[in-house]
Amino acid sequence: MQYTFASRMGKTPRSFIREILKVTERPEIISFAGGLPSPALFPVERLAETAKAVIMEDGPAALQYATTEGHLPLREWIAERYHSRLGMDVSPDEILITNGSQQSLDLIGKVFIDPGSRVAIERPGYLGAIQAFSLFEPEFLGVPLTEEGPDPAVLHAVLTDENPRIFYGVPNSQNPSGITWSIENRHRIAEEIQRSETILIEDDAYGELRFSGDQMPAMRSFLPDQTVMTGSFSKIIAPGMRMGWICAPHEIMEQIITAKQGTDLHSNILSQRIIARFLADYSIDEHISKITDAYAHQRDCMLAAIKEHFPEGVTCTRPEGGMFLWVTLPDRYSSTELFKRALAENVAILPGVPFYADGGGESTMRLNFSNASEEQIWEGISRLGKVLHQYLLAGTTVTNN
Ligand code: PMP
């Protein structure tokens, strides 16, 4: 049988991470390739108690169809959190609950992207956004990341010459690079966006996971009418709950609600009620500080191990939060080749190429520090260091296969 699929399917890359994770799931492998939060930090017992209370006490309301926008107490909590954490005035009407912020990206794609629409994205950019947006067949325009965030001069040229519909970025502890946009750069980017007709998509998946550095203002606070912000409970409660949200100006929200109705009517109401009650009954700040303490320690271990074991010429970022750091090999070397060599030593890394929507990135890789123990981090980085020394000494250069 010859199946005929929509042309968009041919233009969408299969998740490279999912493919790699299949290989790296073997128990003998120390994996820095995935993007999983630490399961030891999921509040299992509290969620079990909360789930039982929700089903027993809320009864059928927790199991019935619900509104598209989502459970009002949860939207109110999110609005209040924006106020207390970021000083932003957001109405619960500007918030819609999604089944994870990955769904937020899909809905944003539905609302903003036609085939051939221009989409500006950080370079490297979040792979899940590249995949979600690819289904709508855009033309991607890369904006290189510096240590301070997106290069404002390139953004200026892209906005002026190409007038993209959206510019997608992750200003706090970005996936994959770990970079946080500096305050100066936030102002520059905000000025550039303000001068344009482009909507900023501010993905704040990691804003609550900051271990060092200053709390930065949200880009939305400079551009309230020109920003769609996304958030997630995945990294601060548990990703399996599949709960995230979109915060958007009213006119955009109307379109998102229509798109959401066509997709799934509404987000899982049982999960929404469990999370709302969990947030009401327990201190999320206490829980988040447990997570940030643990991840800060894991990041520090990884940085110390890298310093000790990696050869000169290999550089890495020093993230202020999140779950990843980003390694750059000297120009001529390929992280895909390194991936193969490291796997032979039972260590998995994630080559950087798929994070470049418009090509490039051969000499870069992402390392996840949230999912491995301190012992695994030291052992894995030490093995990776040996592989790197051998690879760099051998002087092998990038190949195309
Ligand atoms: N945005 C970014 C930047 C992410 O790293 C992730 C998770 N890897 C997501 C969105 C999606 O998260 P979720 O759907 O679990 O909320």
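> Would you mind showing me how to read the packing of helix 3 (residues 44-58) against helix 11 (residues 269-281) here?
Geometry of a packed helix pair, given as the angle between the helix axes and the separation of the axes. In contact at an axis separation of 9 Å, helix 3 and helix 11 are set at 115° when each is read in the N-to-C sense. Crossing of helix 3 against helix 11: the hand is right-handed. Mapping the contact onto sequence places Arg46, Leu47, Thr50, Ala51, Ala53, Val54, Ile55, Glu57 and Asp58 in helix 3 and Leu270, Arg273, Ile274, Arg277 and Phe278 in helix 11.

> How should I be thinking about the domain arrangement of the protein in this particular structure?
When the parts come together, some accessible area is lost, and that loss is often what is quoted as the size of the interface. Domains assigned within the protein are domain 1 (9-43 + 286-394) and domain 2 (44-281). The straight-line distance from the C-alpha centre of domain 1 to that of domain 2 is 25 Å. Counting residues at the interface gives 36 residues for domain 1 and 40 residues for domain 2. Of the roughly 3200 Å² buried between domain 1 and domain 2, counting both surfaces, carbon and sulfur atoms make up 65%. Of all residues in domain 1, the largest losses of buried area upon contact with domain 2 belong to Pro43, Glu320 and Phe355, amounting jointly to 23% of the total for that side.

> Explain the sheet that holds strand 3 (residues 118-123) to me, please; I cannot follow it from the model alone.
The strands making up a sheet associate through hydrogen bonds between their backbones, and the pairing can be parallel or antiparallel. The mixed open sheet is built from eight strands, whose spatial order is 2-9-8-7-6-3-4-5. Sheet topology places strand 2 (95-98) and strand 5 (149-150) at the edges, where each strand pairs with a single neighbour. Sheet topology note: the strand 7 (residues 199-203)/strand 8 (residues 227-232) ladder contains four bridges and is parallel. Opposite Glu202, over in strand 8, you have Met229 as the bridge partner. Contacting strand 2, strand 6 (166-169), strand 7, strand 8 and strand 9 (244-247), helix 5 (residues 101-112) runs over the sheet at an angle of about 155° to strand 8.

> Is there a simple way to explain the pairing of strand 3 in this structure?
Side chains on a regular strand alternate between the two faces of the sheet. Pairing of strand 3 with strand 4 (residues 139-146) involves six bridges; the strand directions are parallel. Directly across from Ala120, in strand 4, lies its bridge partner Leu141. Of the strand pairs in this sheet, strand 3 and strand 6 are connected by three bridges, and their pairing is parallel. Within strand 6, the residue paired with Ala120 across the bridge is Phe167.

> How do you make sense of the nonpolar core when you look at a structure like this?
A general tendency of soluble globular proteins is for nonpolar side chains to be buried together. Ranked by internal contacts, the top residues of the largest apolar core, which has 109 residues, are Tyr82, Phe133, Phe233, Ile237, Leu367 and Ile381. No other element matches helix 12 (residues 284-309), which puts 10 residues into this core. Residues in contact with Ile237, not counting those within four places in the same chain, are Phe42, Pro43, Leu47, Ile275, Phe278, Leu279 and Ile284. Within the second largest apolar cluster, 16 residues are counted, among which are Ala120, Leu141, Ile179 and Met219.

Basis of the calculations
Residues numbered from 1 in each chain as written. Predicted model: local features only at pLDDT ≥ 70, side-chain atom pairs only at ≥ 80, totals over all residues. Heavy atoms only, no water. Axes fitted to C-alpha atoms, helices over the stretch in contact; angles between N-to-C directions. Helix = DSSP H or I, 4+ residues; strand = E, 2+ residues; numbered from the N terminus. Left-handed = near helix turned anticlockwise from the far one by under 90°. Contact = heavy atoms within 4.5 Å. Domains from an automatic or database assignment. Buried area = accessible area lost by both parts, 1.4 Å probe. Pairing = 2+ DSSP bridges. Core = buried A, V, L, I, M, F, W, Y, C linked by side-chain atoms within 4.5 Å. Buried < 20%, exposed > 50% of the residue type's maximum accessible area, 1.4 Å probe, protein only.

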